[in-house]
Amino acid sequence: MRIGQGYDVHAFAEGRPLILGGVSIPHHKGLAGHSDADVLLHACCDALLGAAALGDIGQHYPDTSSDFENIDSRILLRHTWSLIKEQGFKLGNLDATIIAQKPRLADYIASMKINIAMDLEVDVAQINIKATTTEKLGFEGREQGIAAQAIVLLLTETTL
């Protein structure tokens, strides 16, 4: 068994869509970033890469490369998953938390779980996503951006 954790943060920006877990969320601001700035999927990628000891998202998808400019982060997640599978791992489970004062995300979590389960080729029961506020504390509480954390358990054939 291998455990990995990921963390990502993006600031809010005018004129961009808000994408979390591959889902478009109605909001007056999106997140700034080189890609689509899907903070949740970036944290998931980092957790997967960390569990397999394959570095981090910045090493694989650098923000200095035009190849990844405005890219859909689901493409990055699927590519990351292919790297994990090449190492002989299977996903035990993924647990993630989105930290945002606004917008409220409860209505979108089921769709996020479905997207991630599809991209990681697992049952949706292996994916858990939570959303929380910071009670108006910190940059998230001041509505300056959104953060996400993810933890994954990878299994090898011998642990199945």
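Refer to the structure printed above.
Residues numbered from 1 in each chain as written. Predicted model: local features only at pLDDT ≥ 70, side-chain atom pairs only at ≥ 80, totals over all residues. Heavy atoms only, no water.

Novice: Would you mind going over the nonpolar core with me for this structure?
Specialist: Side chains of nonpolar character tend, in soluble globular proteins, to be buried together. Within the largest apolar cluster, 47 residues are counted, with the highest numbers of intra-cluster contacts made by L20, L91, L120 and L154. Mapped by element, the contributors of at least two residues to this core are β2 (18-20), β3 (23-25), α1 (39-51), α3 (73-86), β5 (90-99), α4 (109-119), β6 (127-132) and β7 (145-155). No other element matches α1, which puts ten residues into this core. In this structure, L20 is in contact with I25, L31, D38, V39, I98, L105, M112 and I146, ignoring residues within four places of it in sequence. (Core = buried A, V, L, I, M, F, W, Y, C linked by side-chain atoms within 4.5 Å. Buried < 20%, exposed > 50% of the residue type's maximum accessible area, 1.4 Å probe, protein only. Helix = DSSP H or I, 4+ residues; strand = E, 2+ residues; numbered from the N terminus. Contact = heavy atoms within 4.5 Å.)

Novice: I'm lost on the environment of N70 in this one. Help?
Specialist: Mapped onto the elements of the fold, N70 is located in the loop between α2 (57-60) and α3. Judged by relative accessible area, which is 52%, N70 ranks as exposed. For the pair N70 and V122, spaced 52 residues apart in the sequence, the C-alpha separation amounts to 26 Å. Not counting residues within four places of it along the chain, the set of residues in contact with N70 comprises R16, H34, S35 and D36.

Novice: Even after reading the chapter, I still don't get α1, so can you show me in this structure?
Specialist: Helical geometry: 3.6 residues make up each α-helical turn, so side chains three or four residues apart lie on a common side. Compared with the 18 Å implied by 1.5 Å per residue over 13 residues, the 18 Å span of α1 between its first and last C-alpha is a close match. Of the residues making up α1, those classed as buried are V39, L40, L41, H42, A43, C44, C45, D46, A47, L48, L49 and A51. Taken from the residues just after α1, A53 is the one with a positive phi, measuring 60°. (Expected span 1.5 Å × (residues − 1).)

Novice: Explain the sheet that holds β7 here, please?
Specialist: Strand pairing in a sheet is mediated by backbone hydrogen bonds. Such pairs are either parallel or antiparallel. Sheet architecture is open: five strands sit in the order β4-β1-β7-β5-β6, paired in mixed fashion. With one partner strand each, in any of the chains shown, β4 (30-31) and β6 form the two edges of the open sheet. Lying over the sheet, α4 contacts β5 and β6, oriented at roughly 145° with respect to β6. (Pairing = 2+ DSSP bridges. Axes fitted to C-alpha atoms, helices over the stretch in contact; angles between N-to-C directions.)

Novice: Is there a simple way to explain the pattern of salt bridges in this structure?
Specialist: Pairing of side chains with opposite charge becomes possible as their charged atoms draw close. Per the counting criterion, the structure on display carries five salt bridges. R74 is the salt-bridge partner of D119, the closest N and O atoms lying 2.7 Å from each other. Of this pair, D119 sits in helix α4 while R74 sits in helix α3, and the two are 45 residues apart along the sequence. By relative accessible area, D119 is classed as buried at 6%. When the shortest N-O distance is used, the salt bridge between D95 and K130 registers 2.7 Å. Residue D95 is located in strand β5, and its partner K130 is located in strand β6; the two are separated by 35 residues in the primary sequence. According to the relative accessible area criterion, K130 is partly exposed, its value standing at 33%. (Salt bridge = Lys/Arg side-chain N within 4 Å of Asp/Glu carboxyl O.)

Novice: Before we go on, may I ask you to explain unusual backbone geometry in this structure?
Specialist: Most peptide bonds are trans, and most residues other than glycine sit at a negative phi. With omega at 0°, the peptide bond leading from K102 into P103 counts as cis. With respect to the helices and strands, P103 occurs in the loop between β5 and α4. A positive phi angle is found at A37, which is not glycine, with a value near 65°. As for its placement among the helices and strands, A37 is situated in the loop between β4 and α1. Positive phi values are uncommon outside glycine, yet A53 reaches one of about 60°. Along the chain, A53 falls in the loop between α1 and α2. Classification of A53 as exposed rests on a relative accessible area of 57%.

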